[in-house]
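What follows is each chain in one-letter form.
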Amino acid sequence: MAPETALNDPTTPLFPLRVAAELTKTSVYALRQYVDLGLIIPFRTPTNRYLYSKTDIQRILCIRRHLDEYGLNIAGIRALFAQVPCWLVKPCPIEDCLTCDAYTSVIEPCWQVTVKGPTCQQADCRTCNVYRLPEKCQDLKTLFKTFTPTPNNSQE
Ligand code: SF4
Ligand code: SF4
């Protein structure tokens, strides 16, 4: 990838842990906790350092909003991410869903499950639209409306 293209790509790993902490006004301890619990999956270098992308930064800001403004705790946010219908966003066929733990799990986000369907076995979750959803920090209702008819969009 050309350098300017990589810089424009929001999924490119750019920021070390301490810079990510400064950009999001979040403690290093809290960021490590988010990683341990699978709320964010920063890029890991061969020397085991984490690098955060702009997408990761947006995810952290979304997590902070749910903690500080909506009153959720970490377990609640994790469960919220687990409710996202990844098979619609990715998308993937029903045959894959039926072999995938993410289709039924209500506590683990799809990128965290152990047994994935063929669509996602080799996929890079960090660049996937499902992982990137919190860039917009939408609520689930707004997300579902993009997949289902509503009184407004069903007549179009
Ligand atoms: S294979 Fe599993 S994780 Fe991937 S989109 Fe389908 S249900 Fe989700
Ligand atoms: S690629 Fe990863 S984040 Fe995307 S749907 Fe599959 S498991 Fe989820």
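All of these numbers come straight from a predicted model, not from anything done at the bench.

**Describing the overall build of the chain**
Move 1: The secondary structure content of the chain amounts to nine helices and three strands.
Move 2: Going from the N terminus to the C terminus, the chain shows its helices and strands as α-β-α-α-β-β-α-α-α-α-α-α.
Move 3: Its C-alpha atoms give the chain a radius of gyration of 16 Å, within 12% of the compact-globule value 15 Å for 156 residues.
Move 4: Projected onto its principal axes, the C-alpha coordinates of the chain cover approximately 45 × 35 × 30 Å.
Move 5: Within the chain, the fraction of its 156 residues that count as buried is 21%.
Move 6: Long-range contacts, defined as pairs at least 24 residues apart, comprise 60% of the intrachain contacts of the chain with a sequence gap of at least 6.

**Digging into the nonpolar core**
Move 1: Listed in full, the eleven residues of the largest apolar core are Ala20, Leu31, Tyr34, Leu39, Ile40, Tyr52, Ile57, Ile60, Ile63, Ile77 and Phe81.
Move 2: Of all the secondary-structure elements, those providing two or more residues to this core are α3 (28–36), α4 (54–68) and α5 (74–82).
Move 3: With three residues, the single largest contributor to this core is α4.
Move 4: In this structure Tyr34 touches Leu39, Ile40, Ile60 and Ile63, once residues within four positions along its chain are discounted.

**Digging into the environment of Gln121**
Move 1: Structurally, Gln121 is set in helix α8 (residues 118–121).
Move 2: The sequence separation of Gln121 and Trp111 amounts to ten residues, and the corresponding C-alpha distance is 9.9 Å.

**Overview of the site of ligand 2**
Move 1: In the neighbourhood of ligand 2, the contacting residues comprise Cys86, Lys90, Cys110, Trp111, Lys116, Cys120, Ala123, Cys125, Cys128, Val130 and Tyr131.
Move 2: Across the shell around ligand 2, the residue classes break down as nine nonpolar, no polar and two charged.

**Considerations on the environment of Lys25**
Move 1: Structurally, the position occupied by Lys25 is in the loop between α2 (17–24) and α3.
Move 2: Placed 36 residues apart in sequence, Lys25 and Leu61 show a C-alpha to C-alpha distance of 8.9 Å.

**Quick word on the site of ligand 1**
Move 1: Taken together, 14 residues are adjacent to ligand 1, and Cys86, Cys92, Cys100, Gly117 and Cys120 come closest.
Move 2: Elements represented by at least two residues in the shell around ligand 1 include exactly α6 (86–89), α7 (94–97) and α8.
Move 3: Class assignment for the residues of the shell around ligand 1 results in nine nonpolar, two polar and three charged.

Thresholds, definitions, all that
All residue numbers here refer to positions counted from 1 along the written sequence of the relevant chain. To read the labels, note that chains go from A and ligands from 1, taken in the order they are written. For a predicted model such as this one, the threshold for reporting local features is a pLDDT of at least 70, and the threshold for listing and counting side-chain atom pairs is 80 or more; totals across whole chains, interfaces and linings nevertheless cover every residue. Labels follow the DSSP assignment, with helices taken as runs of H or I lasting at least four residues and strands as runs of E lasting at least two, numbered in each case from the N terminus. C-alpha atoms define the radius of gyration, and 2.2 Å times the number of residues to the power 0.38 defines the globule rule. Exposure classification rests on a simple neighbour count of other C-beta atoms within 10 Å of a residue's own: a residue reaching 20 or more is buried, one at 12 or fewer is exposed, and one in between is partly exposed. C-beta atoms are placed from the backbone. Residue pairs are scored as contacts if the distance between their C-beta atoms, which are placed from the backbone, is within 7 Å. We define a nonpolar core as a collection of buried residues of the types Ala, Val, Leu, Ile, Met, Phe, Trp, Tyr and Cys that are connected via C-beta atoms lying within 7 Å of each other. For each residue, a C-beta atom is placed from the backbone, and the residue counts as near a molecule or strand when that atom lies within 6 Å of it. Gly is put with the polar residues, along with every residue not named as nonpolar or charged; the nonpolar set is Ala, Val, Leu, Ile, Met, Phe, Trp, Tyr, Cys and Pro, and the charged set is Asp, Glu, Lys and Arg.

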